[in-house]
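# Chains, contacts and geometry: an overview
Take a look at the letters that make up each chain.
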Amino acid sequence: ELAGDHKACTQLSMLGTYDGDGWGVAAAYDKLRGGPGIRFEDLNASKYYDLRTTLNGYVNVFNGRIGIGWIGRKHESATRYRQSISWVSLTQELAPLIHLDATLYRVNRRHSNDDAWFPVARLRYLLSARTNPYATAGYMDNQGAPALSVDGQSPSVAGTKQLGIALGIRHN
């Protein structure tokens, strides 16, 4: 906070969750205001802010879980935009030791054709309670200007598609 500008460089965050018998919901709110010298996405004045809201939930069905969620982002600055990420997911026990996790994500920049679709699937084999080998596959479909990569690190070109496959062993 700055003397003479009580909004500058302030942040407000809230989170609420509820887990019931076989279901749950969560909601979060986060607003970050800018100020002089701030370099994060041109939030260089207190009138500028980055606001993120999320809502999500799940329900357990049969031997699995179905989830759904949404993250909304409103960025007010010299380069203002609105964007959202939504998803639907499924975790299913296919056999006592084999589990499937699958999620479909959609990234949407409002008032434009700049979207991306990202289906991901993972197959796990439970060797023990702490160890499981897995195979994961994801496909990033950028439409318009996005250049998102399937792994979040590799270079990508606007409007392109990428396929990623990973094999590994998880132990915790």
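Residues numbered from 1 in each chain as written. Predicted model: local features only at pLDDT ≥ 70, side-chain atom pairs only at ≥ 80, totals over all residues. Heavy atoms only, no water.

## Focus: the sheet that holds strand S2 (residues 23-33)
Strands belonging to one sheet form pairs held by backbone hydrogen bonds; the direction of such a pair is parallel or antiparallel. Strand order in the open sheet formed by nine strands is S1-S2-S3-S4-S5-S6-S7-S8-S9, and the pairing between neighbours is antiparallel. Both edges of this open sheet fall to strand S1 (11-19) and strand S9 (161-171), since each of them pairs with a single strand only. For this sheet the average axis-to-axis angle between neighbouring strands, irrespective of direction, equals 10 degrees. One ladder, built from eight bridges, connects strand S7 (residues 115-125) with strand S8 (residues 131-143); its direction is antiparallel. Pairing of Asp115 across the sheet is with Gln143, part of S8. (Pairing = 2+ DSSP bridges. Helix = DSSP H or I, 4+ residues; strand = E, 2+ residues; numbered from the N terminus. Axes fitted to C-alpha atoms, helices over the stretch in contact; angles between N-to-C directions.)

## Some points on the side chain of Arg33
Examined against the element boundaries, Arg33 turns out to sit in strand S2. Of the side chains with opposite charge, Asp5 lies nearest to the buried Arg33, which makes no salt bridge, at 7.7 Å. For Arg33, the side chain forms a polar contact with the main-chain oxygen of Ser46, separated by 2.8 Å. Every residue in contact with Arg33, bar those within four places of it in the chain, is listed here: Lys7, Cys9, Thr10, Ser46, Lys47, Tyr48 and Tyr49. (Buried < 20%, exposed > 50% of the residue type's maximum accessible area, 1.4 Å probe, protein only. Lys, Arg positive; Asp, Glu negative; His and termini not counted. Salt bridge = Lys/Arg side-chain N within 4 Å of Asp/Glu carboxyl O. Polar contact = N/O pair within 3.5 Å; in protein donor to acceptor, adjacent residues only side chain to side chain. Contact = heavy atoms within 4.5 Å.)

## Regarding unusual backbone geometry
One non-glycine residue, Cys9, adopts positive backbone phi at about 60 degrees. Considering the arrangement of structural elements, one finds Cys9 in the segment before S1. Positive phi values are uncommon outside glycine, yet His111 reaches one of about 60 degrees. Here His111 is to be found in the loop between strand S6 (98-109) and S7. When its relative accessible area of 77% is taken as the criterion, His111 is described as exposed.

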